[in-house]
Amino acid sequence: MRELTDEAAAIAKNLGDATLLREHGGGFSSLTVQLHKISAENHAGNPLAALAAACAISLRALPSVERRSRALGDIAVTYDRLGRRSDCVRTLLAAERCAPEETHARPATKSLISNLLVSGPTSTDLRGLAERSGVVG
């Protein structure tokens, strides 16, 4: 995965700032490769590498609030895997501010919220997010 992701990043860099294939999942660019890397590193069990990938992007550069919200959801997963609970909740709330419907409907986000409710102390913010997302604690 890392070899292929590095190859994709090199190709995207050589293409410059252009975003190709916009109609296919947001297109192909250096930014979308970095977004993929966050998710891929989380799935590969390396949240530190996922966090490094997240720090290398500008959320403001993402083309839509939905993409920003999804990226924030993936970053929240990273914080959860690193045991950084308050950063995780803060990032989920930021995702909700960007695109509430996306955040409330995304199954991975709902699962993360549910796990947070049963795995440690809850805050008013977390309980409110759970309620708005239709997650029963």
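Rules of the game
Residues numbered from 1 in each chain as written. Predicted model: local features only at pLDDT ≥ 70, side-chain atom pairs only at ≥ 80, totals over all residues. Heavy atoms only, no water. Salt bridge = Lys/Arg side-chain N within 4 Å of Asp/Glu carboxyl O. Helix = DSSP H or I, 4+ residues; strand = E, 2+ residues; numbered from the N terminus. Buried < 20%, exposed > 50% of the residue type's maximum accessible area, 1.4 Å probe, protein only. Disulfide = S-S within 2.5 Å. Axes fitted to C-alpha atoms, helices over the stretch in contact; angles between N-to-C directions. Left-handed = near helix turned anticlockwise from the far one by under 90°. Contact = heavy atoms within 4.5 Å. Nonpolar A, V, L, I, M, F, W, Y, C, P; charged D, E, K, R; others polar. pLDDT = per-residue confidence, 0-100. Polar contact = N/O pair within 3.5 Å; in protein donor to acceptor, adjacent residues only side chain to side chain. Parallel < 35°, antiparallel > 145°, perpendicular 65-115°, else oblique.

Colleague: I tried to follow the pattern of salt bridges on my own but got confused; where do I start?
Modeller: Once the charged atoms of two side chains with opposite charge are near each other, the side chains can pair. Tallied over the full model, the rule gives six salt bridges. A salt bridge links Asp-74 to Arg-106; the shortest N-O distance between them is 3.2 Å. Pair noted here: Asp-74 is in helix α4 (residues 65-81) and Arg-106 is in the loop between α6 (100-105) and α7 (107-119), with a separation of 32 residues, a long-range link. Residue class for Asp-74 comes out buried when judged on its relative accessible area of 15%. For Arg-106, a relative accessible area of 13% gives the class buried. A salt bridge links Asp-87 to Arg-90; its shortest N-O distance comes to 3.0 Å. Here the residue Asp-87 and the residue Arg-90 both occupy positions in helix α5 (residues 85-98), the gap between them amounting to three residues, near one helical turn. Linked through salt bridges whose partners overlap, the residues forming this network are Arg-84, Asp-87 and Arg-90.

Colleague: What should I look at first to understand the state of the cysteines in this one?
Modeller: What makes a disulfide is a covalent bond joining the sulfur atoms belonging to two cysteines. In this structure the tally under the stated criterion is zero disulfides. Cysteine Cys-88 is unpaired, with the sulfur of Cys-55 as its nearest cysteine sulfur at 15 Å. The cysteine Cys-98 is free of any disulfide, with Cys-88 supplying the nearest cysteine sulfur at 15 Å. Taking the relative accessible area as the measure of exposure, Cys-98 reaches 23% and is therefore partly exposed.

Colleague: Help me understand the packing of helix α3 (residues 47-55) against α4 in this model?
Modeller: Describing two packed helices takes the angle between their axes plus the distance from one axis to the other. Taken N-terminus to C-terminus, the directions of α3 and α4 make an angle of 140°; their axes are 9 Å apart at the nearest point. Crossing of α3 over α4 shows left-handed handedness. Residues Pro-47, Ala-50, Leu-51 and Ala-54 of α3 pack against Ile-75, Thr-78, Tyr-79 and Arg-81 of α4. Residues of the contact of α3 with α4, tallied by class, amount to six nonpolar, one polar and one charged.

Colleague: In this structure, what is going on with the confidence of the model for the protein? I would like to understand it.
Modeller: One rule of thumb: low pLDDT means the predicted coordinates there are not for detailed reading. Considering every residue of the protein, the mean pLDDT works out to 90; 92% of them sit at 70 or more. Highest mean pLDDT in the protein belongs to α5 (97); lowest belongs to helix α1 (residues 2-15) (89).

Colleague: Sorry if this is basic, but what is going on with helix α8 (residues 124-132) here?
Modeller: Note on helix geometry: an α-helix contains 3.6 residues per turn, so any two residues three or four positions apart are oriented the same way. Among the residues of α8, Leu-126, Gly-128, Leu-129 and Ala-130 are the ones counted as buried. Buried residues along α8 sit in contact with α5, α6 and α7. The first or second residue beyond α8 is Gly-134, which carries a positive phi of 75°.

Colleague: I would appreciate a short explanation of the side chain of His-104 in the present structure.
Modeller: Positionally, His-104 belongs in helix α6. In this structure the side chain of His-104 is engaged in a polar contact, spanning 2.6 Å, whose partner is the side chain of Glu-96. Contact partners of His-104, with chain neighbours within four places excluded, come to Glu-96, Lys-110, Leu-129, Arg-132 and Ser-133.

Colleague: So what exactly am I meant to see when it comes to the packing of α5 against α7 here?
Modeller: At their nearest, the axes of α5 and α7 sit 12 Å apart, and the two run at 140° to each other. Between α5 and α7, the angle falls in the class oblique. Handedness of the α5/α7 crossing: left-handed. Contacts between α5 and α7 involve Arg-85, Cys-88, Val-89 and Leu-92 from the first element and Thr-109, Leu-112, Ile-113, Leu-116, Leu-117 and Ser-119 from the second.

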